[in-house]
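Tertiary structure, described
Listed below, chain by chain, are the residues.
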Amino acid sequence: MRNRKRIWSLALGCLLAALAPGMQAKEKHGFEIKNGSFVFDGKPVRIVSGEMHYARIPHQYWRHRLQMVKAMGLNTVATYVFWNLHEPEEGKWDFDGDKDLAGFIKIAGEEGLHVILRPGPYACAEWEFGGYPWWLQNKEGIELRRDNPVFLEYAKKYIDRLYREVGGLQVTKGGPIIMVQVENEFGSYAAQRKDIPLDEHRRYNAKIKEELVAARFDVPLFTSDGSWLFAGGSIEGVLPTANGESNVANLKKLVNEYHNGEGPYMVAEFYSGWLAHWAEPHPHTDASVLARKTEEYLQQDVSFNFYMVHGGTNFGFTSGANYNKSHDIQPDLTSYDYDAPITEAGWRTPKYDSLRNVIKKYVAYAVPEAPEAYPVIEIPSIKLSRVADLLGYVERIKPVQNDQPLTFEQLNQGHGYVLYSRKFNQPISGTLEVPGLRDYAVVYIDGEKAGELNRYYKNYSLEIDIPFNATLEILVENMGRINYGPEIVRNNKGIVSPVKINGMEIAGDWEMYPLPMAECPDINRYPSEAVRACPVTDVQALAGRPVVYEGSFTLSDTGDTFIDMESWGKGIVFINGKNIGRYWQAGPQQTLFIPGVWLKKGENKIVIFEQLNNELKSEVRTVKTPVLTKLK
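All of these numbers come straight from a predicted model, not from anything done at the bench.

Thresholds, definitions, all that
Residues numbered from 1 in each chain as written. Predicted model: local features only at pLDDT ≥ 70, side-chain atom pairs only at ≥ 80, totals over all residues. Heavy atoms only, no water. Helix = DSSP H or I, 4+ residues; strand = E, 2+ residues; numbered from the N terminus. Rg over C-alpha atoms; globule rule 2.2 N^0.38 Å. Buried < 20%, exposed > 50% of the residue type's maximum accessible area, 1.4 Å probe, protein only. Contact = heavy atoms within 4.5 Å. Lys, Arg positive; Asp, Glu negative; His and termini not counted. Charge placed at Lys NZ, Arg CZ, Asp CG, Glu CD. Polar contact = N/O pair within 3.5 Å; in protein donor to acceptor, adjacent residues only side chain to side chain. Phe/Tyr/Trp six-rings, centres within 6.5 Å; stacked < 30°, edge-to-face > 60°. Pairing = 2+ DSSP bridges.

**Overview of the overall build of the protein**
Each helix and strand counted, the protein has 13 helices and 34 strands in total. Here the C-alpha radius of gyration of the protein, 26 Å, is about what a compact globule of 632 residues would show, namely 26 Å. Dimensions along the principal axes, computed over C-alpha positions, put the protein at roughly 80 × 75 × 60 Å. Buried residues in the protein amount to 59% of all 632 residues. Pairs at least 24 apart in sequence give 80% of the contacts found in the protein among residues at least 6 apart. Within the protein, one finds 70 positive and 79 negative side-chain charges whose respective centroids are separated by 6 Å.

So, in structure tokens, the structure goes:
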């Protein structure tokens, strides 16, 4: 009997192994780069792709959005992988729910789409820190994006872990993944970091390729750069593709130069729209220009990937930022609509229809009809029943004490807010200077608002008057780590250098109160004296102070909607515990997308953290159409 059980156990084990991802149970295919072409199962093919990022879309909507991609005439979907999404804390991996990358790839395959995987480990993508985990900055001896043994060790751990999740979904193992990108836009970084020799840049890039190969990614690899940046970004034996290249003759010339005199030729980022920053106009791309360029690529046998075909949303604290000489930081919007053919909420646009009509003329396969959009609802009024004083709450938290202000990273905190506090035994007045502000601050003296500081506007000082025995408080917000360019290696948050008053460094007796807002604030945990009914009668007590509002609303039917925050100041919104992102009166985004799958029939809960609170509120509403282009 024991022997029989053992035989059955061995047989079952063999059967399970055969059915495991990447094993014999799947039909394997071949995809290769050969004779200047992309070749699938022995036949030349053209890649007609669109980019969408699983992490910017609720997983319940993945199939709908992928069906939209297919119905536009595309045969491939591309996605970045964001390392920090999957390893938010060192060694703690998460590939569940909205982070289920393998699930997204499987659905793409089921819908008849190939997949291009862009794992980085650097992504850019207007994503927080370009996809790097914030905690990497705490590692001794690390130099990001460089031939540095500490960084490469952590990159290898990420790549190896990623292979465990999706390696079996490569086309060579019966899955839909046809290509994998090495690093990302490294040529531009190499051009910007002239302090590092080009040979070292190229050595680093090649080592990322080696780590991917060692992890057993065995589909064709490619790099993605502006065509004028191939010198720093290309890797021997790896296909170079060009971002934003509109000159087909130049594309072919440069690919031939760096790829043994032959193609295939691909524009890996064919921009259908453009990114948007807070306090700046929202860019717009003309649909007719885009359609004409698409037709030219199709006529000239150029493969391409629309960036983006569908943008989605930077939920929570996932949005990144840019940097230039005019602004020390340019935070990206919560919305990643991108003026793409498929809107943030999954709606088809005139741009979608014009591109679909062009593509249908040049592809041999049948193009299905687009699925219907999800229903949209409007909630005319959501009553806010309670409001809580954040400053009253933090008084109950045990602070971290230090002679100098500590950064978020030193406090072992990635995102959200930190309240910096210092008591003065003697009066002092004059100019408060916080040159190391990262990124936005509201300043209080004994709980009364003294002013705002803002890295975007390079506003690092204000006049203050601190009386005897008073407390200075600085509430600092991380608005997203820089995701592009050389400043990516200087990405600590909070207050990163000494605070000064009248040029004198203020040292000693600093207290820090971490407020990561990783979970929805619970008003029930606040001291009773910090919570009031809403609308409140004691208006002056809370005016200008940071507060948390709470309310509830009942729905008989659910659907997508957009919460209208135009009359509010600055903060974040939670719906049923989900952080749907930040708002800011500066615009151009005045509404936040609420996916219908995050609502429920019956009672729903809303919590709003309002940093400025210039005007106390008693209600908020939602609308059926987004407002993304209104600057204040």
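That was the structure; now back to the text.
**Looking at the side chain of Glu128**
Structurally, Glu128 can be placed in the loop between β6 (114–118) and α5 (149–166). On the basis of relative accessibility, which here comes to 2%, the residue Glu128 falls in the buried class. Polar contacts involving the side chain of Glu128 include one to the side chain of Arg481, which spans 2.8 Å. Beyond its immediate chain neighbours, meaning those up to four positions away, Glu128 contacts Asn84, Phe317, Thr318, Ser319, Gly320, His415, Asn478, Gly480 and Arg481.

**A few points about helix α4 (residues 101–110)**
Among the 10 residues of α4, seven are classified as buried, and the element is accordingly described as predominantly covered. Residues Leu101, Ala102, Gly103, Phe104, Ile105, Ile107 and Ala108 constitute the buried set of α4. Gly112, located one to two residues past α4, shows a positive phi value of around 80 degrees.

**Regarding the packing of aromatic side chains**
Enumeration over the complete set of coordinates arrives at 40 aromatic pairs. Both rings, one in Phe186 and one in Tyr189, keep their centres 5.9 Å apart while their planes meet at 40 degrees; by these two values the pair is tilted. You can see Phe186 and its partner Tyr189 sitting in helix α6 (residues 186–192), three residues apart, about one turn around the helix. By the burial criterion, Phe186 is buried, and Tyr189 matches it. Through successive ring pairs, a cluster of aromatic residues spans Trp83, Tyr122, Phe129, Tyr132, Phe151, Tyr158, Phe186, Tyr189 and Tyr204.

**Some thoughts on the pairing of strand β32 (residues 591–594)**
Residues Thr591 and Phe593 of β32 are buried on one face, and the alternating residues Leu592 and Ile594, pointing to the opposite face, are buried as well. Bridge count between strand β29 (residues 561–564) and β32: four bridges; the pairing is antiparallel. The residue bridging Ile563 from the neighbouring strand is Leu592, located in β32.

**Regarding unusual backbone geometry**
Pro264 follows Gly263 through a cis peptide bond whose omega is 10 degrees. Structurally, the position occupied by Pro264 is in the loop between α9 (248–258) and β10 (266–271). Its identity is not glycine, yet Ala125 carries a phi of approximately 65 degrees, on the positive side. Position of Ala125 among the secondary structure elements: in the loop between β6 and α5. Residue classification places Ala125 among the buried positions, given a relative accessible area of 2%. At Glu185, a position not held by glycine, the phi torsion is positive, near 50 degrees. One can find Glu185 in the loop between β7 (177–181) and α6. Of the residues examined, Glu185 reaches a relative accessible area of 13% and is grouped as buried.

None of the figures reported here should be taken as evidence of function without further support.
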